[in-house]
Amino acid sequence: MSTSFSYRKRTRKAIGLINRMIWRYVRLHIGKKLFGKKYYQKRLNKVELKNATDLKNGILELQGLFIKFGQLMSIMSNVLPKAYGELLESLQDKAPESPLENCKQVLEADLGKPIDQIFKEIPEKPIASASIGQVYKATLLSGEVVAVKVQHQNIKALAEADLTIIKKMLNRVSFFIKVNGMDFVYEQIRKMIMEELDFGKERVSMQIVAENLKDNPRVKVPNVHEDLCSNRVLVTSFEEGVKITNIEQLNNWNLDGEDISRELILAYCKMVLEDGFYHADPHPGNVLVNQQGEIILLDFGAMAVLSEKMRKEIPLLLQAALSQDYDKVLTSLQRMGFIGETSDARKVAKKIVEAFNKFLTNEMEISGFKMTDLKVEDIKGSSIEALLKELSISELTKTIQVPKDWVLLNRTLILVGGISSQIAPELDPVEVIKPYLKSKMMSYDSIKSMLMDAIKKQFKTLLALPSQLNTFLAKANNGELELEIKNDTQKLYAVGQQFMLVLGILASLMFYYLAKEDNWLIGTVLLSLVLLRSVWKNRKKG
């Protein structure tokens, strides 16, 4: 069969699959117009499940890069209904194998030697297979056991052809159904696939992460045999272990799931928050544990960088949110890429921020509440629901964006959180991260800046105190206080209380910088929290 014919046949199959899926949605929407919303809601889940099943089966039939695309879509599925994500996740273990003979041709072409002059033994069957390549457990002439990762023959040409077909499929979908963010997701997945085709890039990534984590004896990255590597071949030390979610084996080895989960979370804190360069595909097949309880990271084809801009802006966003400075909140969100660049997008975003703030401060009980507890029922009848009714879908899709940094980070956090929930269901990852942030974040300039800005704001308030006091006394002399007396007295008392807290914070900071003792730093943090609480409490009363 010729390549051109194969390409035409694959295109027809792919477009035919998409046409069937679209037709089901079109019929459903026609039914909604004719028979009403209840008819639509009753059949929507069934249609989505049918389409998701057909999509999965079609991907398995087409194979090639379609499998890789489906895998990535499952973990970047912010734009897809739940049914699609769940079914596409099962593609993780469905990649086809190539015959060893084909792989030998790639090895000999890239390494410049006959296979028997490189390896003492290489088995017929790989230990793992993926859409781009497969891995063998082989033995070098020296007797060392190694992992040999080799690309499928002609995979680059197939990748280009399949990505062109996939783009045509998405264009067909977009013609009938507007899905905001689909083009962005496609471009990110295309970029990730092309990067994964370069094993030289993966080799460098492994070495960088190994260097960054060298002080952590609980996390291992395989050693690279540089003289046996190319853009299509990657040879590393072979690391024995089981999937991190193999709870039965962990128990047999007397390993503590909570201990392992903590080590994994802290390793990702280091990679993301300190290094800004992290392993972005930590599904259980890529994260092993050995009998000594060491965590082994595999497959560095999907790496991500958290930009300096994003890392610096997160604390500034926190500062703006704490001080209820909506303009700064919006500016931070815009700099981070969550809000469109137009003035209209900013206006819509401001409405959303204000509505959400009103919802949190006036329309729900905050005590003991966690953001993860928020349900759709809580929003019904609130200012958020009223705003969503006021805004059109087009306004929202032009306003809210998902920046590349966040897409990849969100995917990684979901995967790490999923591992933690399986091996340590009682462990709260937030409680693991808190001490880490306490020890690391106060050294960041942005956090110090946040604290100093809060102190400056309080001094501005204090400078305005004499004029407020004069106004208060003038009203008293003129008999104009009436019902304002209690309120103004409380305000003055609050300003005095906040003045004392500011002095305490300044003194604590001074002693911390002079003595470098953590007790003073802890005191600064505690006084700052009390100050923020006082400002928040009296703002609401005002």
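Further up the page is the structure itself.
Here the structure is a predicted model, which means the values were calculated and not measured. (Residues numbered from 1 in each chain as written. Predicted model: local features only at pLDDT ≥ 70, side-chain atom pairs only at ≥ 80, totals over all residues. Heavy atoms only, no water.)

Describing helix 8 (residues 199-212)
Part 1: For helix 8, spanning 14 residues, the distance from its first C-alpha to its last is 20 Å, which sits close to the expected 20 Å at 1.5 Å a residue.
Part 2: Three or more residues of helix 8 are buried, namely Phe199, Gly200, Glu202, Ser205, Met206 and Val209.
Part 3: For helix 8, the N-terminal capping position is held by aspartate 198, with its side-chain oxygen 3.0 Å away from the main-chain nitrogen of glycine 200. (Helix = DSSP H or I, 4+ residues; strand = E, 2+ residues; numbered from the N terminus. Expected span 1.5 Å × (residues − 1). Buried < 20%, exposed > 50% of the residue type's maximum accessible area, 1.4 Å probe, protein only. Polar contact = N/O pair within 3.5 Å; in protein donor to acceptor, adjacent residues only side chain to side chain.)

Describing a negative patch on the surface
Part 1: Among the surface-exposed residues, Glu101, Glu108, Asp116 and Glu124 lie close enough to one another that they form a single negatively charged patch.
Part 2: Within the secondary structure, glutamate 101 sits in helix 5 (residues 100-111).
Part 3: Taking the relative accessible area as the measure of exposure, glutamate 101 reaches 49% and is therefore partly exposed. (Patch = residues over 30% accessible without salt bridge, like charges linked within 9 Å, V, L, I, M, F, W, Y side chains within 5 Å. Areas by Shrake-Rupley, 256 points an atom, 1.4 Å probe, with all protein chains shown as cover. Salt bridge = Lys/Arg side-chain N within 4 Å of Asp/Glu carboxyl O. Lys, Arg positive; Asp, Glu negative; His and termini not counted. Charge placed at Lys NZ, Arg CZ, Asp CG, Glu CD.)

Digging into a nonpolar patch on the surface
Part 1: There is a patch of nonpolar side chains on the surface, built from Ile30, Leu34 and Phe35 and spanning about 350 Å² of accessible area.
Part 2: Assignment of secondary structure puts leucine 34 in helix 1 (residues 3-35).
Part 3: For leucine 34, a relative accessible area of 62% translates into the label exposed.

Overview of the pattern of salt bridges
Part 1: Scanning the model with the defined rule gives 17 salt bridges in all.
Part 2: With a closest N to O distance of 3.4 Å, glutamate 226 and arginine 203 form a salt bridge. Of the two residues, glutamate 226 sits in the loop between strand 5 (219-220) and strand 6 (233-237) while arginine 203 sits in helix 8, which places them 23 residues apart along the sequence.
Part 3: Within the structure, one salt-bridge network assembled from shared partners comprises Arg24, Lys50 and Asp54.

Some remarks on the sheet that holds strand 5
Part 1: If you walk across this open sheet you meet the four strands as 5-10-9-7, and the pairing is mixed. Every interior strand has two partners, whereas the edge strands, strand 5 and strand 7 (242-243), have only one.
Part 2: Alignment of strand 5 against strand 10 (residues 295-297), held across two bridges, turns out to be parallel. By the bridge assignment for strand 10, lysine 220 is matched with isoleucine 296. (Pairing = 2+ DSSP bridges.)

Quick notes on the nonpolar core
Part 1: Grouped together as the largest cluster of nonpolar side chains are 83 residues, with contacts concentrated most on Phe66, Val209, Ile244, Ile260, Leu264, Tyr278 and Leu297.
Part 2: Sequence-distant contacts of isoleucine 244, that is, excluding residues within four places in its chain, are made with Leu250, Ile260, Leu264, Pro284, Val287, Leu288, Val289, Ile419 and Ile423. (Core = buried A, V, L, I, M, F, W, Y, C linked by side-chain atoms within 4.5 Å. Contact = heavy atoms within 4.5 Å.)

A few points about the packing of aromatic side chains
Part 1: Taken as a whole and judged by the stated rule, the model has one aromatic pair.
Part 2: Where phenylalanine 35 meets tyrosine 39, the ring centres are 5.0 Å apart and the plane angle is 45°; that geometry is what we call tilted.
Part 3: Judged by relative accessible area, which is 58%, phenylalanine 35 ranks as exposed.
Part 4: Its end group placed over the ring of tyrosine 40, lysine 32 keeps NZ or CZ at 4.6 Å from the ring centre.
Part 5: One Lys or Arg, lysine 149, reaches over the ring of phenylalanine 199 and ends 5.1 Å from the middle of that ring. (Phe/Tyr/Trp six-rings, centres within 6.5 Å; stacked < 30°, edge-to-face > 60°. Lys NZ or Arg CZ within 6 Å of the ring centre and 35° of its normal.)

Quick look at the environment of tyrosine 136
Part 1: If you trace the backbone, tyrosine 136 turns up in strand 3 (residues 133-140).
Part 2: Distance in space between the C-alpha atoms of tyrosine 136 and isoleucine 122 is 7.0 Å, their sequence separation being 14 residues.
Part 3: Of note is the side chain of tyrosine 136, whose polar atom sits 2.6 Å from the side chain of glutamine 134.

Re the side chain of threonine 236
Part 1: Turning to its location among the elements, threonine 236 is positioned in strand 6.
Part 2: Take threonine 236: its relative accessible area is 7%, and that puts it in the buried class.
Part 3: Apart from the residues within four sequence positions on either side, threonine 236 is in contact with Val146, Ala147, Met206, Pro222, Asn223, Val224 and His225.

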